[in-house]
Amino acid sequence: MNRIRETHVTTTVPQLTTIAIELNENIAEIRLNRPERSNAINEAMWHELRSAFAWADATPEVRVAMLSGAGLNFCSGIDLAMLAGVGRAVAHADPARSHEALRRVILDLQDCLTSVERCRKPVLAAIQGACIGGAIDLVSCCDMRYATADAHFAVREIDVGMTADVGTLQRLPRLVADGVAREMAYTGRAVDGFEAKLIGLVNQLFESPEALLEGVRQIARTIAAKSPLAIRGSKEMLNYGRDHSVADGLDHVATWNAAMLMSADLEEAMTAMREKRAPRFGD
């Protein structure tokens, strides 16, 4: 079992059943690993997503995370077998208690995906093939999204007669124009890679899955070479600013920098500039 060592701390890379993790060059590559089911999110994967990103958040050696999917498709959404079993799982003679139990299930699934957003390290999604239903919820939690030209995106919950309930309707309108998000949610139509780039859902397109992974790795390497403390602070401020007023955001960053500005990273960056070399930051 791979081990990552730091003074006084030994962190074990999680060995999961539906997700594979590798750590190279301070980049955690977190890969959905049910290719035979187009990486449909079953019950185990929901909870393993939370475990994987909690590990990435807590591990100092991880500076950036990459999220990808094994096989031809990134993710086909929630496993329908799991969806079919929810009613049985929350059944109770008292309808109110059954409904409360279902609410708790939904809140827990929301938290499994919010763990991606909660991770202090930037998360870059590399998307090929299908990105459907629950997969839109998942990639909406990431900091940036990159895709192959043949990728396609769809909010498909409407086609199974349900309202998307684990993040798409809350996060997607903050990534694309409100009217576009509503059209996707109301119609369930597919958006191809070129349109996804046009509407701002993805940052960049790549010609093939191989080019996609290498391109995203290169972006991740660039981020990993920066001050880890400054990167974590930037993510904190961007997420906070998204959900608060400008005045609140300015106050929050002032408090953050009052505590974090005078850091070893700042000193190393200034020294590296004087010495005309690349900075070497600690984890």
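As shown above, the structure is provided for reference.
Here's what I pulled together on the structure shown here. (Residues numbered from 1 in each chain as written. Predicted model: local features only at pLDDT ≥ 70, side-chain atom pairs only at ≥ 80, totals over all residues. Heavy atoms only, no water.)

**Regarding the overall build of the protein**
Logical step 1: When its secondary structure is counted, the protein shows 11 helices and 11 strands.
Logical step 2: Against the globule reference of 19 Å for 283 residues, the protein gives a C-alpha radius of gyration of 20 Å, in line with a compact fold.
Logical step 3: Projected onto its principal axes, the C-alpha positions of the protein cover 65 × 45 × 45 Å.
Logical step 4: With 283 residues in all, the protein has 43% of them scored as buried.
Logical step 5: Contacts in the protein between residues far apart in sequence, at least 24 positions, make up 68% of those at least 6 positions apart.
Logical step 6: Only carbon and sulfur atoms are counted for the fraction: they give 55% of the accessible area of the protein, which is about 14400 Å².
Logical step 7: Positive and negative side-chain charges in the protein, numbering 31 and 37 respectively, have mean positions lying 3 Å apart. (Helix = DSSP H or I, 4+ residues; strand = E, 2+ residues; numbered from the N terminus. Rg over C-alpha atoms; globule rule 2.2 N^0.38 Å. Buried < 20%, exposed > 50% of the residue type's maximum accessible area, 1.4 Å probe, protein only. Contact = heavy atoms within 4.5 Å. Areas by Shrake-Rupley, 256 points an atom, 1.4 Å probe, with all protein chains shown as cover. Lys, Arg positive; Asp, Glu negative; His and termini not counted. Charge placed at Lys NZ, Arg CZ, Asp CG, Glu CD.)

**Details of the side chain of E268**
Logical step 1: Its location among the elements puts E268 in helix α11 (residues 264-275).
Logical step 2: Once residues lying within four places of it in the same chain are set aside, the contact partners of E268 are R277, A278, P279, R280 and F281.

**Some points on the nonpolar core**
Logical step 1: Counting 49 residues, the largest nonpolar core has I30, L32, F53, L67, F74, I127 and F153 as its most contacted members.
Logical step 2: Considering each element in turn, this core owes the most residues, 7 residues, to helix α1 (residues 43-58).
Logical step 3: In contact with I30, other than residues within four places in its own chain, are I19, A20, I21, A52, F53, A56, A65, M66, L67 and S68. (Core = buried A, V, L, I, M, F, W, Y, C linked by side-chain atoms within 4.5 Å.)

**Structural notes on the sheet that holds strand β10 (residues 191-192)**
Logical step 1: With mixed pairing, the 3 strands of this open sheet are ordered in space as β7-β9-β10. Among the strands making up the open sheet, the edge pair consists of β7 (130-132) and β10.
Logical step 2: Here β7 pairs with strand β9 (residues 152-154) via 3 bridges, running parallel. Note on β9: the bridge partner recorded for I132 is A154. (Pairing = 2+ DSSP bridges.)

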